[in-house]
Every structure is written in structure tokens, then in C-alpha cells.
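Below, each chain spelled out in residue letters.
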Amino acid sequence: MKLKKLPLLVAAAAVAFSATAVADDFVLTAGKWGKKQDKAVEAAGGVVNWSHKHAGIASVSSDNPDFLALVSGDRSFSSAAEDMVVQWTDKEFTELEVTPGDESYYGLQWSLEAIEAEAAWEAGCTGDGARVAVIDGGIYDDHPDLAPNLDASCSASFFSGQPWNYDTGTFWHGTHVAGIVAAADNGMGVIGVAPEATILGVKALHDGSGPFGAIIGAILYSSDPAAFGAVDCEPADIINMSLGATFNKRLPGGGQLVGAMARAVNFAASKGVLVLSSAGNNGLDLGQAQDITAVPA
């Protein structure tokens, strides 16, 4: 696979630091996706990896060096751009030392006290009946704090070549986020904000990075799994994306990719799915940075 390096704004926190365009992967949009678009992709020398009819978005691969020019000039499509691999989460983490004799980590979870989680639990707000799609890296499905609330059969991966329950390194960001959301109330480890919610793991990142197409596909799958063949899976009520990329809007194809992501989020909202994304950790003043954008937030 031929990779092309692109310039990217260097951020100082857990948002994107580098980007790579994948030469043979593209994100295409249309009013609606159907046979007309499939035929146009094939005629230009491409193959559809996945598509969503109503959102009008598809991930496409092609070895034809003229593919982008051909589809960009075809009225069957609203937009077309090379996909871009971006670092969405920081690899640098601070881990707390815990007294070995302690059996509970609840005392370290200051955030639960800050949001008055106990009062919510006492009022019966435990997440029971809610499905939360965690779009992130791999989730360790055998983790005792996560396994009771994890819908493994409906979890999925949009990161090519990697299963939804696998990542790399010793700190799996997706596993960490899933625990914050819904670690079970089981008398051990930690407890999630919504300890009785169901977690749907949707992998779009590996080692913190991934293409826009994977994020977009994960959003569409979470809100409409039946469109991807998962007819027995209920859609998520909430999509959580604790990730973000900060880059120059003038990068070739950047506007089209951000637009396609926004289109996916709008589709999810139209299905009644609440989409949440992190605001970032670097305090960047986007109001003074005219050429810089931060997505998805």
C-alpha cells in the first residue's frame, strides 16, 4: 500500500499530531448511494468497501492513479477525497500508583463525585436499558469490569485487518473509555458512570490512529447496524467518541472528509442517536486560528 505523507498541525494534547493519506482508499458522498454510484465506482476502477444508502456515503478502494480525478468529475457524486489516517488519541498517559493492598479503586474516581453520580444512581439513573457505542480502539472483552455489560455479538471493527477486541500496547484507550462509561458494579475494580448500560464496541482506531473512513463507517454502523448486515443488532442510543484530530483545513481533501463525517453525525442524529465527542485537552483557541479545525468536536 503506497503511503503519502501530508503536513499536519502539531498539537500539544490528546488530539491529532500526524496524518498520512492512504493512496488507494477514498471517501465518496452522493445524495443517496445506489446502483448508479456502484457502477460509476466500478467504471473508474474502484471497489466499494462499504456504503450507506440513506446517508449517501461510501468507503472505496482503487489502484487506478486517475480514480480521484474520474469520480470528482462524475455528477453521480457530491464529493470525493482521498482518505487520511490521523492520530486521534494521545499515546502518552499518566498512570496512578495504587496501594497493592487496596481492593477498590473507587476512591480514585474523583470525577464521579464531581458529577454527583451517586445521587443519580440513588434516583435510579444507572444506564439500565441504554446502549452506548464506544467508537475508539480495541476493547478487551475479557476484562471483568466490562464483560458483564459488553454486547460482543454486535460489536464490530471498521479498522481494516484488526478485530474489534484487539489493540496494541499496554494501555488500550478504547478499554479505558468503555470503563469510564459503563464498568459494572461488581464489587471490584472501578465503576462506570452508567454501570448498567450496554457497551457496543466499534473499533475505528488502532494504537490511537485511523482513517476518516473508519470513523465515518463506525458512526453509521452504530446508528444503523442493519444497513451493514447486522439485522439482529439494535442501534445505539448514544455514540461516544473520546477522540479528536486537529489539522489545517487547507489540506487536500480535508474539507470533504470533515463534511462526510458531519453528514454521518447528522444521519445518526436523524435516527435519534445522541452523538458525543470530546472537546480536547489542549485549550486551542480556534477563534484565533482561522486555518485550523478540530474534529469531530
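Everything below is about the structure shown above.
Residues numbered from 1 in each chain as written. Predicted model: local features only at pLDDT ≥ 70, side-chain atom pairs only at ≥ 80, totals over all residues. Heavy atoms only, no water.

**With respect to the sheet that holds strand β8 (residues 198-203)**
We apply this condition: Two strands are said to pair when DSSP picks up at least two bridges between them. Helix and strand assignments follow DSSP, with helices taken as H or I runs no shorter than four residues and strands as E runs no shorter than two, numbered in order from the N terminus. Whether two residues are in contact is decided by their heavy atoms: any pair within 4.5 Å suffices. Fitting a line to C-alpha atoms yields each axis, with helices limited to the stretch in contact; the angle taken between N-to-C directions then spans 0 to 180 degrees.
Pairing is parallel in the open sheet, where 5 strands are placed in the order β7-β8-β6-β10-β12. The sheet terminates laterally at β7 (156-157) and β12 (274-277), the two strands that pair on one side only. With 4 bridges connecting them, strand β10 (residues 238-241) and β12 associate as parallel partners. Residue pairing across strands places Ile-239 opposite Val-275, the latter belonging to β12. Relative to the sheet, helix α5 (residues 173-182) contacts β6 (131-136), β8 and β10, its axis offset from that of β6 by approximately 155°.

**Comments concerning the state of the cysteines**
Under the convention used in this document: Disulfide: a pair of cysteine sulfur atoms within 2.5 Å of each other. Each residue is assigned to one of three classes by its accessible area relative to the maximum for its type, calculated with a 1.4 Å probe on protein chains only: buried under 20%, partly exposed between the two thresholds, exposed over 50%.
All told, the structure shown has 1 disulfide when counted by the stated rule. Note on cysteine connectivity: Cys-154 is disulfide-linked to Cys-233, with sulfurs 2.1 Å apart. Every disulfide takes its handedness from the sign of the S-S torsion; for Cys-154 and Cys-233 that torsion is -95°, giving left-handed. Of the two residues, Cys-154 sits in the loop between β6 and β7 while Cys-233 sits in the loop between α6 (212-223) and β10, which places them 79 residues apart along the sequence. Under the relative-accessibility criterion, Cys-233 is labelled buried at 12%.

**Topic: the packing of aromatic side chains**
Here a ring pair, both rings aromatic, is described through the centre-centre distance and the interplanar angle of the planes. Quick note on the threshold: Stacked, tilted and edge-to-face pairs are distinguished by plane angle, under 30 degrees for stacked and over 60 for edge-to-face with tilted covering the rest, among Phe, Tyr and Trp rings (Trp via its six-membered ring) whose centres lie within 6.5 Å.
Taken as a whole and assessed by the stated rule, the structure comprises 10 aromatic pairs. Measuring from centroid to centroid gives 4.9 Å for Phe-26 and Phe-67, while their planes differ by 50°, and the two rings are tilted. Of this pair, Phe-26 sits in strand β2 (residues 19-29) while Phe-67 sits in helix α2 (residues 67-72), placing them 41 residues apart in sequence. Residue Phe-26 shares its accessibility class with Phe-67, and that shared class is buried. Each ring, one from Trp-50 and one from Phe-158, has its centre 6.3 Å from the other, and the planes form 90°; the classification is edge-to-face. Residue Trp-50 is found in strand β3 (residues 46-52), and its partner Phe-158 is found in the loop between β7 and α5; the two are separated by 108 residues along the sequence. Both residues of the pair, Trp-50 and Phe-158, count as buried.

**Section: the packing of α6 against helix α7 (residues 254-270)**
The condition is simple: Orientation is classified from the angle alone, with under 35 degrees giving roughly parallel, over 145 giving roughly antiparallel, 65 to 115 giving roughly perpendicular, and any other angle giving oblique. Gly falls in the polar group here, along with every residue not listed as nonpolar (Ala, Val, Leu, Ile, Met, Phe, Trp, Tyr, Cys, Pro) or charged (Asp, Glu, Lys, Arg).
At a minimum axis separation of 9 Å, α6 and α7 run at an interaxial angle of 10°. Regarding the angle of α6 to α7, the classification is roughly parallel. Each of Phe-212, Ile-215, Ile-216, Ile-219, Leu-220 and Ser-223 in α6 lies in contact with α7, whose residues at this interface are Leu-257, Val-258, Ala-260, Met-261, Ala-264, Val-265, Phe-267 and Ala-268. Of the residues assigned to the contact of α6 with α7, the class counts are 13 nonpolar, 1 polar and no charged.

**Details of the nonpolar core**
To be explicit about the condition: We call a set of buried residues a nonpolar core when its members are Ala, Val, Leu, Ile, Met, Phe, Trp, Tyr or Cys and they connect through side-chain atoms within 4.5 Å of each other.
Judged by nonpolar contacts, the single largest core of 42 residues is most densely connected at Trp-88, Ile-135, Phe-212, Ile-215, Ile-216 and Ile-219. Only β5 (79-87), β6, β8, α6, β10, β11 (245-248) and α7 provide two or more residues apiece to this core. Among the elements that make up this core, the one with the highest residue count is α6 (8 residues). Sequence-distant contacts of Ile-215, defined by excluding residues within four places in its chain, comprise Trp-88, Ile-135, Ala-204, Leu-205, Met-241, Leu-243 and Met-261.

**Overview of α7**
Formally: For a helix, the expected span equals 1.5 Å multiplied by the residue count minus one. By construction, the arc corresponds to the directions joining the helix axis to the C-beta atoms.
Under the 1.5 Å per step criterion, the end-to-end length of α7 is 24 Å for 17 residues, consistent within 8% with the ideal 24 Å. All buried positions along α7 are accounted for by Gly-254, Leu-257, Ala-260, Met-261, Ala-264, Phe-267 and Ala-268. Looking straight down α7, one finds that the buried residues subtend no more than 155° of arc, so they occupy a single side. The outward face of α7, more than 90 degrees from its buried face, is lined by the exposed residues Asn-266 and Ser-270.

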